[in-house]
Amino acid sequence: MEEKEKNINPDEQQEYVINMGPQHPSTHGVLRLVVSLKGEIVKNIEPHIGYIHRGIEKMCESITYPQIIHLTDRMDYLSAHINNEAVCLNVEKALEIDIPDRIKVIRTIMSELTRIQSHQLWWASFGMDLGGLTCFFYGLRDREKILDVFEETCGGRMLVSYNCPGGVMYDIHPNFQKRVKDFIKYFRKILPEYDQLLSGNVIFHERSKGIGKLSLEDTISYGITGPTGRGSGFSCDVRKHEPYSAYDRITFKEILHTEGDTYCRYITRIDEMWESMNIIEQLIDNIPEGPFAVKMKPIIKLPEGEYYQRVETARGELGVYIISDGNKNPYRVKFRSPNFVNLSVFNHITKGFKIADLVAIGGSLDLVIPDIDR
Amino acid sequence: MDKIQLGEYIKSIDQDLGIKEGKQYVEVTVPPSKLHSLAKQLRDDKEAQFDFLFCLSGVDWGQDLGVVYHLRSTIYEHVVVIKTRTSDREHPQFDSVSDIWKTADFHEREAFDLLGIRFANHPDLRRLFLDSSWGFPLRKDYVDDINIVTK
């Protein structure tokens, strides 16, 4: 009699461990999660990373500064242009070079286009994680239009490598302004469709509201930045707090939501796409005349010292910390990658939720694995 | 607080700390024994409130191994850089700050993985990217004849 009761009561069940990944569609890359479960409830997650660790920081120690830029493309491949910019800004700051306005404006427009296309891909895959397959087609269809703009000006579609120390590689294409304006016009019409498809969907609300709550205190303690942090009310937008490039001459607002659940992180990114379009519209008609690059010495040597530059990528705060000993290659480079830090909170916010929620929470963190492994 | 005030504030905590006003941030050099208490005080003091550890990097300085902490206050927006180093290359060890800032957990595991720096009182100090058969690749004396081609 007693034994029978034991079998029925699910609380008496033992914890068991399953392995999720490294090849799993919802981990968005080669991330392996070892999940402890009791029934369907997640008790603990242990992320195993390093499957695509390439030693980028080590490689940087033996190459020159212009070469480093091409490695940063391969970290967060969806924010490639912003990663490039971080290294360039740091080198320019160390050499105390004044950058003409034209370059600053071009870089800012490109950064915001990068942010939109990154959020589009995130929206596409996040919708698919939750079972809305149509999202994937919508997201990729619109992203293609930005990639075409990139291709025309930079030559590359995803890994653009458009920045170089002292400016950008080539001048913008004559069609650039027209195509960007066409895209904004098109996307302003399309973005409400995203809301119709997912943001207002009752099933989606059930899956995301109240799931994976992250308090403001924990956000700061864990160092969570980007839309994930701002969804919890942490004002951490580097574009506002420490403006670089042309962000100090435009008006835009920092998107903040306070609930800190999966839905807030979702809506923060949607609002950011609107805000990015505002930024581009302010700049696209006023690109100043001038050179697209400052003439630099053929071999760039940074003065001895330490330099730190922060930028806001699509996923959070990227820090580039360069220690130079005066040679043409750096003594030590450290990339403070936003995804690496954001991953550390995964276990904390998933505990106590169901395994299907784990997929939703993982999608809302928007992890890009090459940026974690470096 | 601006850079001068910040320097004076840190001097008021401890006279012996080396304070350097860098180009960008105030840099404080602290011996490993005082690291944890200074970190705790910097976070808890009402005037300072360095509640956001935004970067932690292990560095091989040639003779010494060290750790660099970048701290920011989300309330006052000031930044301080704390540096500590040890000459013991065989068993380098510092106190973990993961009980003060939770983000240090992963950062310290990374420093342990790539530079072999140990952190006392860390909750879960295991290798992160590489398996145990590797050495510590970010050390300057790391030799790998097969994978690293030197000209």
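What you see is a predicted model, and the numbers here were worked out from it, not measured in a lab.

Rules behind the numbers
Residues take numbers from 1 onward in each chain, read along the sequence in its written order. Going through the entries in the order they are written, you letter the chains from A and number the ligands from 1. Per-residue local features of the predicted model are confined to residues with pLDDT of at least 70, and side-chain atom pairs are confined, for both listing and counting, to 80 or more; whole-chain, interface and lining totals are unaffected and use all residues. By definition, any uninterrupted DSSP run of H or I lasting at least four residues is a helix, any uninterrupted run of E lasting at least two residues is a strand, and each is numbered from the N terminus. As defined in this context, the radius of gyration uses C-alpha atoms, and a globule is described by 2.2 Å times the residue total to the power 0.38. Exposure classification rests on a simple neighbour count of other C-beta atoms within 10 Å of a residue's own: a residue reaching 20 or more is buried, one at 12 or fewer is exposed, and one in between is partly exposed. C-beta atoms are placed from the backbone. This entry defines residue contacts through backbone-placed C-beta atoms, with two residues in contact when those atoms are within 7 Å. Classification used: nonpolar for Ala, Val, Leu, Ile, Met, Phe, Trp, Tyr, Cys and Pro, charged for Asp, Glu, Lys and Arg, polar for all others including Gly. The pairing criterion for strands is at least two bridges between them, as found by DSSP. In this description, a line fitted to the C-alpha atoms serves as the axis of each element, helices being fitted only across the stretch in contact, and the angle between N-to-C directions of two axes falls anywhere from 0 to 180 degrees. Working rule for helices: expected span equals 1.5 Å times residues minus one. For classification purposes, angles smaller than 35 degrees are called roughly parallel, those larger than 145 roughly antiparallel, those between 65 and 115 roughly perpendicular, and all remaining angles oblique. Two helices crossing with the near one rotated counterclockwise from the far one by less than a right angle form a left-handed crossing, whereas a clockwise rotation gives a right-handed crossing. The pLDDT value expresses, per residue, how confident the predictor is, ranging between 0 and 100. Defined on buried residues, the nonpolar core groups Ala, Val, Leu, Ile, Met, Phe, Trp, Tyr and Cys residues joined through C-beta atoms within 7 Å.

**Details of the overall build of chain B**
Part 1 of the argument: From N to C terminus, chain B includes 3 helices and 7 strands.
Part 2 of the argument: Walking chain B from its N terminus toward its C terminus, one meets helices and strands in the order α-β-β-α-β-β-β-β-α-β.
Part 3 of the argument: For a compact globule of 151 residues, the expected C-alpha radius of gyration is about 15 Å, and chain B comes in at 16 Å, within 12% of that figure.
Part 4 of the argument: In terms of principal-axis extent, the alpha carbons of chain B reach across some 50 × 35 × 25 Å.
Part 5 of the argument: Buried positions account for 37% of the 151 residues belonging to chain B.

**Topic: the overall build of chain A**
Part 1 of the argument: Along chain A, the regular secondary structure elements total 16 helices and 8 strands.
Part 2 of the argument: In summary, chain A has a C-alpha radius of gyration of 22 Å against a globular reference of 21 Å for 374 residues, a match within 12%.
Part 3 of the argument: Taking the principal axes of its C-alpha atoms as reference, chain A extends roughly 85 × 50 × 35 Å.
Part 4 of the argument: Sorting the 374 residues of chain A into buried and exposed places 49% on the buried side.
Part 5 of the argument: The contacts of chain A with a sequence gap of at least 6 include a subset with a gap of at least 24, amounting to 70%.

**Let's talk about the interface of chain A and chain B**
Part 1 of the argument: With 25 residues of chain A in contact, the opposing surface of chain B contributes 23 residues.
Part 2 of the argument: Breaking the side of chain A that touches chain B down by element, the ones donating at least two residues are α2 (56–60), α9 (216–222), β6 (305–313), β7 (316–324), β8 (332–336) and α13 (338–343) of chain A.
Part 3 of the argument: Looking at the side of chain A that touches chain B, the element that brings in the most residues is β7(A), giving 4 residues.
Part 4 of the argument: Split by residue class, the side of chain A that touches chain B holds 8 nonpolar, 9 polar and 8 charged.

**Section: the sheet that holds strand β5 (residues 79–86) of chain B**
Residue and element names in this part refer to chain B.
Part 1 of the argument: Taken in spatial order, the 5 strands of this open sheet run β1-β2-β5-β4-β3, and their pairing is mixed. The open sheet has two edge strands with one neighbour each: β1 (18–21) and β3 (52–60). Taking the axes of each pair of neighbouring strands and ignoring which way they run, one obtains an average angle of 20° across the sheet.
Part 2 of the argument: Sheet topology places strand β2 (residues 26–29) next to β5; 4 bridges connect them, and they run parallel. Along β5, the bridge assignment pairs T29 with K83.
Part 3 of the argument: Its contacts with the sheet put helix α1 (residues 3–13) on β1, β2 and β5, and the angle it makes with β1 is roughly 180°.
Part 4 of the argument: The strands touched by helix α3 (residues 104–115) are β3 and β4 (65–72); relative to β3, the strand with the most contacts, the crossing angle is about 10°.

**Points about the sheet that holds strand β2 (residues 32–38) of chain A**
Residues and elements named next belong to chain A.
Part 1 of the argument: Strand order across the open sheet formed by 3 strands is β1-β2-β3, with antiparallel pairing between neighbours. The outermost strands of the open sheet, each flanked by one partner alone, are β1 (16–20) and β3 (41–48). Taking each pair of neighbouring strands and ignoring which way they run, the sheet shows an average axis angle of 25°.
Part 2 of the argument: Alignment of β1 against β2, held across 5 bridges, turns out to be antiparallel. Looking at β2, one finds that V17 is bridged to S36.

**Looking at helix α5 (residues 101–129) of chain A**
Part 1 of the argument: The end-to-end C-alpha distance of α5(A) is 42 Å, a good match for the 42 Å that 29 residues give at a rise of 1.5 Å each.
Part 2 of the argument: Most of α5(A) is tucked away: 25 of the 29 residues are buried.

**Observations regarding helix α3 (residues 65–72) of chain A**
Because an α-helix completes one turn every 3.6 residues, residues spaced three or four positions apart along the sequence face the same direction.
Residue and element names in this part refer to chain A.
Part 1 of the argument: Within α3, 6 of the 8 residues are buried, leaving the element largely enclosed by the surrounding structure.
Part 2 of the argument: Restricting attention to buried positions, one finds in α3 the residues Y65, P66, I68, I69, L71 and T72.
Part 3 of the argument: Looking at the buried side of α3, the elements it contacts are α2, α4 (80–95), β4 (163–164) and β8.

**A closer look at the environment of A:I99**
Residue and element names in this part refer to chain A.
Part 1 of the argument: As for its placement among the helices and strands, I99 is situated in the loop between α4 and α5.
Part 2 of the argument: Residues I99 and V294, spaced 195 residues apart in sequence, show a C-alpha to C-alpha distance of 7.2 Å.
Part 3 of the argument: Sequence-distant contacts of I99, defined by excluding residues within four places in its chain, comprise E92, K104 and V294.

**Some remarks on the packing of α4(A) against α5(A)**
All names here are of chain A.
Part 1 of the argument: With their axes 8 Å apart at the nearest point, α4 and α5 run at an angle of 140° to one another. Relative to α5, α4 is oriented oblique. Side by side, α4 and α5 meet where A80, H81, I82 and E85 of the first sit next to R107, M110, S111 and T114 of the second.
Part 2 of the argument: A per-class count over the contact of α4 with α5 returns 3 nonpolar, 3 polar and 2 charged.

**Quick look at the packing of α5(A) against helix α6 (residues 133–154) of chain A**
Residue and element names in this part refer to chain A.
Part 1 of the argument: Here α5 crosses α6 at 165°, and the two axes come no closer than 7 Å. As judged from the angle between their axes, α5 and α6 are roughly antiparallel. Relative to α6, α5 is oriented so that their crossing is left-handed. Contacts between α5 and α6 involve L113, I116, Q117, Q120, L121, W123, A124, S125, G127 and M128 from the former and L133, C135, F136, Y138, G139, L140, D142, R143, I146, L147 and V149 from the latter.
Part 2 of the argument: Of the residues that constitute the contact of α5 with α6, the class distribution is 14 nonpolar, 5 polar and 2 charged.

**Some thoughts on the pairing of β3(B)**
All names here are of chain B.
Part 1 of the argument: Burial within β3 is extensive, with 9 of its 9 residues counted as buried.
Part 2 of the argument: Where β3 lies against β4, 8 bridges are found, and the strand directions are antiparallel. Each bridged residue has a counterpart across the sheet, and for L53 the counterpart in β4 is L71.

**Focus: unusual backbone geometry**
Part 1 of the argument: With a phi angle near 45°, A:S245 is a residue other than glycine that sits in the positive phi range.
Part 2 of the argument: Positive phi outside glycine occurs at B:N121, with the angle close to 65°.
Part 3 of the argument: Looking at the secondary structure, you find B:N121 in the segment after β7 (118–120).

**Structural notes on the confidence of the model for chain B**
Part 1 of the argument: Here chain B shows a mean pLDDT of 85. Residues at 70 or above account for 98%.
Part 2 of the argument: Interface confidence in the predicted complex, given as ipTM, is 0.88; pTM for the same model is 0.87.

**A look at the nonpolar core**
Part 1 of the argument: In this structure, A:I109, B:L53, B:Y69, B:L71, B:V80 and B:I117 are the most contacted members of the largest nonpolar core, which totals 130 residues.
Part 2 of the argument: A total of 12 residues in this core trace back to one element, the largest contributor, which is α5(A).
Part 3 of the argument: In this structure B:L53 touches A:G223, B:Y69, B:L71, B:W101, B:T103 and B:A104, once residues within four positions along its chain are discounted.

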